[in-house]
Amino acid sequence: MTETNEFRRLKALAKRYARANRIAQHQALDLIAGELGFPHWTKLIAASKKGWQIATEQMAGLEAFVKRPLPAATFRNGDPETMNRRFAYLEQAEQGMIGDHAYRLQEVFHDVIIAGEGWSIRVPENPGVPPIVETFADQEAECPVLDPEFLQKALSLARDRALQVRAEISADWPRRSTKPDLSGVVRHPLGRGESAVWFCLHCDGKITGAQIAQNLWHCPGCGASPLDIFDTPFWSDDDGKSFLPVKTDGAVDRDEPDSRIVDGRPKRDLNDEKIILLIRCALLDDATNISERLGALQAEISVDDDGVWIALEDDFWPEGKDPVQALAVAERLGLEVELVSSWSTIPFAWPGLGEIASSTSEYTQMMLDAYAQYGGSPDRKPKES
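Sequence order as written defines residue numbering, which begins from 1 separately in each chain. Since the coordinates come from a predicted model, pLDDT governs what is reported: local features require at least 70, and pairs of side-chain atoms require 80 or more to be given and counted, while whole-chain, interface and lining totals use all residues. Water and hydrogen atoms were dropped before computing side-chain values, which therefore reflect all heavy atoms in the structure.

Draft legend 1. Broad picture of the overall build of the chain. Summing up its helical and strand segments, the chain has 13 helices and 15 strands in all. The buried share of the chain, reckoned over its 385 residues, is 40%. Taking the intrachain contacts of the chain between residues at least 6 apart in sequence as the baseline, contacts between residues at least 24 apart amount to 55%. Computed with the Shrake-Rupley method and a 1.4 Å probe, the accessible areas treat only the protein chains shown as cover for residues. Counting only carbon and sulfur atoms, one obtains 49% of the accessible surface of the chain, whose full area is about 22,600 Å². The helix and strand labels rest on DSSP assignments: H or I over at least four residues marks a helix, E over at least two residues marks a strand, and numbering proceeds from the N terminus. The cut-offs for exposure are 20% and 50% of the maximum accessible area for each residue type, with area from a 1.4 Å probe on protein chains only; residues under the lower value are buried, those over the upper are exposed, and the others partly exposed. A contact between two residues is defined here by any heavy atoms of the two lying within 4.5 Å.

Structural data, given as structure tokens:
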């Protein structure tokens, strides 16, 4: 696999998948590697250096993979078919019982999750962060994790797996990344040099080599990932002299978990911004030509206690044309509508061209031709073909 073709294509697929599912790039890379049979991206890179190449059918499979959405709540809800398909690169979720209660235990992006009916416990990759216990509001009364004895047994199972996960991470890193030398110097696992002092881009913390190595290269102060840790504070105006040392008690895997009650039911959160988005989308439904689409995009829309106010640009939106779909959406939302006409600086001359153009491409060419004919020119000249 060469850097100039398949390798770059894999990176591009991971980037697309990360954006589509709102996950970190490194998580998307691990998912891509998992689809190809590797435990994570680092292992894939190592194999490629030894001559491994991706097969044509594997690349086709990845193209299909990145088009499918990542089900964020799948693990918690326990859908075995979806879980096994989407997390096939991980070990299959371990099934077990604690007393009379079933659980599922699995690693997800280096965090360990143990979950059952109405509860879950997450042990983060970062050893300095306490486990997170969640109970769901509609099942709190019968939630077994509220029993201290049950909680300790579940925590023990998750922590044992977390120790294995962290050991596997450390085994992939240089030895100097986890064990400081006599001067406290450690090596960044991502190849960012060696130093006895490190700096956190996220919180401007100053960290010793021993601290950062013990915490698996997560900032002991704010929990930032290894991606935010650097040997020099290049973003600082005073070379980090004003940065304060991160103070820790040296403890990892704190005994007391963070507990919180979560209402997992979907909530209707229609704030002003979302209402405006719906109204503008409805205006686009009402538009029948390029000119009216531009009018929908240029419309001024605001929401207050009295309803929704829509100002339509007179040069783009026909006088007397009611935006039927926008009015229907407002009615469903229980909002009164006030429609007004507006006059302002329009983005293009000859807005009437949009009434006869069949596409935006055709409109653009007609607009450019008109500028050329009448001696003017748009701010940005088109490239010569």
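Still more ground to cover, so stick around.
Draft legend 2. Here's a closer look at the packing of aromatic side chains. The criterion for an aromatic pair is that two Phe, Tyr or Trp rings (for Trp, the six-membered ring) have centres within 6.5 Å, with stacked assigned to planes under 30 degrees apart, edge-to-face to planes over 60 apart and tilted to the rest. Here the structure, examined in full by the defined rule, presents eleven aromatic pairs. With a centroid separation of 4.9 Å and an interplanar angle of 85 degrees, the aromatic rings of Trp-198 and Trp-217 are classed as edge-to-face. Of this pair, Trp-198 sits in strand E8 (residues 197-200) while Trp-217 sits in the loop between helix H9 (209-214) and strand E10 (229-230), and the two are 19 residues apart along the sequence. The pair Trp-198 / Trp-217 is uniform in exposure class, with both members buried. With a centroid separation of 5.0 Å and an interplanar angle of 85 degrees, the aromatic rings of Phe-230 and Phe-234 are classed as edge-to-face.

Draft legend 3. View of the environment of Gly-295. Following the sequence through the fold, Gly-295 ends up in helix H11 (residues 290-298). Here Gly-295 falls in the buried class, since its relative accessible area comes to 0%. The spatial distance from the C-alpha of Gly-295 to the C-alpha of Asp-315 is 8.0 Å, given a sequence separation of 20 residues.

Draft legend 4. Expanded view of the pattern of salt bridges. Counted as salt bridges are all cases of a side-chain nitrogen of Lys or Arg within 4 Å of a carboxyl oxygen of Asp or Glu. As enumerated under the stated definition, the model contains seven salt bridges in all. One salt bridge in this structure joins Arg-161 and Glu-94, with 2.9 Å as the shortest N-O distance. Placement of Arg-161 in helix H7 (residues 148-172) and of Glu-94 in strand E1 (residues 94-98) is noted, with a sequence separation of 67 residues between them. On the basis of relative accessibility, which here comes to 29%, the residue Glu-94 falls in the partly exposed class. The partner of Lys-153 in a salt bridge is Glu-149, with the nearest N and O atoms 3.6 Å apart. Placement of the pair is Lys-153 and Glu-149 together in helix H7, with a separation of four residues, close to one helical turn. The partly exposed category is assigned to Lys-153, whose relative accessible area is 42%.

Draft legend 5. Examining the sheet that holds E8 more closely. The mixed open sheet is built from four strands, whose spatial order is E10-E8-E9-E11. Pairing within the sheet leaves two strands with one partner each, and these edge strands are E10 and strand E11 (244-245). Relative to E11, strand E9 (residues 205-208) runs parallel, the two sharing two bridges. Each bridged residue has a counterpart across the sheet, and for Lys-206 the counterpart in E11 is Pro-245. Two strands form a pair only when DSSP identifies at least two bridges running between them.

Draft legend 6. Spatial organisation of the environment of Gly-96. Tracing the sequence through the fold places Gly-96 in strand E1. When the C-alpha atoms of Gly-96 and Gly-116 are compared, they prove to be 10.0 Å apart, with 20 residues separating the residues in sequence. Not counting chain neighbours up to four residues away, the residues in contact with Gly-96 comprise His-101, Ala-102 and Tyr-103.

Draft legend 7. Examining a negative patch on the surface more closely. Judged by side-chain charge, Asp-272, Asp-304, Asp-305, Asp-306 and Glu-338 come together as a negatively charged surface patch. Here Asp-272 shows up in helix H10 (residues 272-286). Take Asp-272: its relative accessible area is 42%, and that puts it in the partly exposed class. Exposure above 30% relative accessible area and no salt bridge define the residues that can form patches, which grow by joining like charges within 9 Å and nonpolar side chains of Val, Leu, Ile, Met, Phe, Trp and Tyr within 5 Å. Charged residues are defined narrowly, with Lys and Arg counted positive, Asp and Glu counted negative, and His plus the chain ends left uncounted. All charge positions are set by atom: Lys at NZ, Arg at CZ, Asp at CG, Glu at CD.

Any functional reading would require information beyond the geometric quantities listed.
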